[in-house]
Amino acid sequence: TDTASTLTRKLKRMGLAVPAKNLLLAGEVAVNWMHATYPGARVYLAATPALRRHAFRLGCQLVEDDPDFVLLGLDRRFDYTRLQQIANFVRDGAKLVATNPDHGHPGAGGRFVPETGALLASVVACSGVQPDHVIGKPAEGLFKEGLRRLKSMAAQTVMIGDNPLTDAAGARAAGMRCLLVGEGD
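Residues numbered from 1 in each chain as written. Predicted model: local features only at pLDDT ≥ 70, side-chain atom pairs only at ≥ 80, totals over all residues. Heavy atoms only, no water.

> Where do I start with the side chain of S127 in this structure?
One can find S127 in helix α5 (residues 116-127). Within the structure, S127 has its side chain in polar contact with the backbone nitrogen of V129 (distance 3.0 Å). With sequence-adjacent residues up to four places away left out, S127 is seen in contact with A87, V90 and R91. (Helix = DSSP H or I, 4+ residues; strand = E, 2+ residues; numbered from the N terminus. Polar contact = N/O pair within 3.5 Å; in protein donor to acceptor, adjacent residues only side chain to side chain. Contact = heavy atoms within 4.5 Å.)

> Looking at this model, I keep getting lost on unusual backbone geometry. Mind explaining?
Geometrically, the link from K137 to P138 is a cis peptide bond, its omega value of 10 degrees lying close to zero. When you line up the elements, P138 lands in the loop between β7 (133-134) and α6 (140-150). You will see that K151, though not glycine, has its phi angle at about 55 degrees, which is positive. By the element assignment, K151 lies in the loop between α6 and β8 (158-161). For K151, a relative accessible area of 78% corresponds to the exposed category. (Buried < 20%, exposed > 50% of the residue type's maximum accessible area, 1.4 Å probe, protein only.)

> Where do I start with the layout of surface pockets in this structure?
Space left empty within the atom packing is revealed by a probe, the size of a water molecule, rolled over the atoms. Size it by volume and the largest pocket reaches roughly 1,300 Å³. The wall of the largest pocket is formed by 38 residues, among which L24, L25, A26, K137 and M159 lie closest to the centre. Elements with a minimum of two residues in the lining of the largest pocket: α2 (26-37), β5 (104-106), α6 and β8. Residue contributions to the lining of the largest pocket peak at six residues, all from α6. Considering only residue class, the lining of the largest pocket consists of 16 nonpolar, 13 polar and nine charged. (1 Å grid on protein atoms, 1.4 Å probe; cavity = no way out; pocket = protein on both sides within 12 Å on 5 of 7 lines; lining within 4 Å. Points joined across faces, edges and corners; volume = space filled by probe spheres on them. Nonpolar A, V, L, I, M, F, W, Y, C, P; charged D, E, K, R; others polar.)

> Would you take a moment to explain the sheet that holds strand β2 (residues 61-62) for this structure?
Hydrogen bonds between backbone atoms are what pair the strands of a sheet, whose relative direction is either parallel or antiparallel. Read from one edge to the other, the open sheet built from five strands follows the order β2-β1-β3-β4-β7, with strand pairing classed as parallel. Bordering the open sheet on either side are β2 and β7, each of which pairs with just one other strand. Note that strand β4 (residues 95-98) and β7 share two bridges and pair parallel. Within the sheet, the bridge partner assigned to A98 lies in β7 and is V134. On the sheet, helix α4 (residues 80-91) packs against β1 (42-46), β3 (69-72) and β4 and is oriented at approximately 150 degrees with respect to β1. The strands touched by α5 are β3 and β4; relative to β3, the strand with the most contacts, the crossing angle is about 145 degrees. (Pairing = 2+ DSSP bridges. Axes fitted to C-alpha atoms, helices over the stretch in contact; angles between N-to-C directions.)

> What is the right way to read the pairing of β4 from this model?
Each regular strand carries side chains that alternate between the two faces of the sheet. The pairing of β3 with β4 spans four bridges and is parallel. When the sheet's bridge partners are listed, L72 is paired in β4 with A98. For the handedness criterion, the β-α-β arrangement of β3, α4 and β4 is classed as right-handed. (Right-handed = clockwise from strand over helix to strand, strands pointing away.)

> Help me out: how do you make sense of the pattern of salt bridges in this one?
One pass over the structure, following the stated rule, counts eight salt bridges. Between D167 and K137 there is a salt bridge, and its shortest N-O distance comes to 2.6 Å. Linking D167 in helix α7 (residues 164-173) with K137 in the loop between β7 and α6, this pair joins segments that are 30 residues apart in sequence. Across the pair R148 and E145 runs a salt bridge whose closest N-O atoms are separated by 2.6 Å. In this pair, R148 and E145 are both assigned in helix α6, three residues apart and thus about one turn of the helix distant. (Salt bridge = Lys/Arg side-chain N within 4 Å of Asp/Glu carboxyl O.)

> Before we go on, may I ask you to explain the nonpolar core in this structure?
As a rule of thumb, soluble globular proteins bury nonpolar side chains together. Judged by nonpolar contacts, the single largest core of 17 residues is most densely connected at V70, L72, F78, I86 and V123. Counting residues per element, the ones that place at least two in this core are β1, β3, α4, β4 and α5. Those residues within four positions of F78 in sequence are excluded, and the remaining contacts are L72, L83, I86, L119, S122 and V123. Of all hydrophobic cores here, the second largest spans 14 residues; its members include A30, V31, A55 and V97. (Core = buried A, V, L, I, M, F, W, Y, C linked by side-chain atoms within 4.5 Å.)

Here it is, written out as structure tokens:
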């Protein structure tokens, strides 16, 4: 939902001084990847305003019709109309890229908070089209980049997460240990 700079500001308001260079976010990485890998591609971006601003600043060609790619992130404006539109875009040949496959995460008071993977599941169910790329965990790219930034080896690094299907599976595939937090800890 955020870029490193927007999350840095949110964390600062919470009393946490975390530099943007220390944050690695699937949505921002997905937008950067799309721009670098497919420059000039027509992209329908279903995501937060922060990610849309980031894509625009990079020079991504954001479109509302006839895209080459649909980049699906956590989109809080996702509704039936948007689902229909995206399903038809991918059925008509647009490549589907998702920021992550997480169905949800724990929220305040133990409440479930839907995530991008829940939106992705609905697009796949309606269109019959699987994503061409999933950028976030458990894919190895974020883990490799995190290790590079930390200047660390996988065997000396612990992934802390809340989802065994993405956090733990991705850490295991990257050769890292994982500490799961959340329900039942």
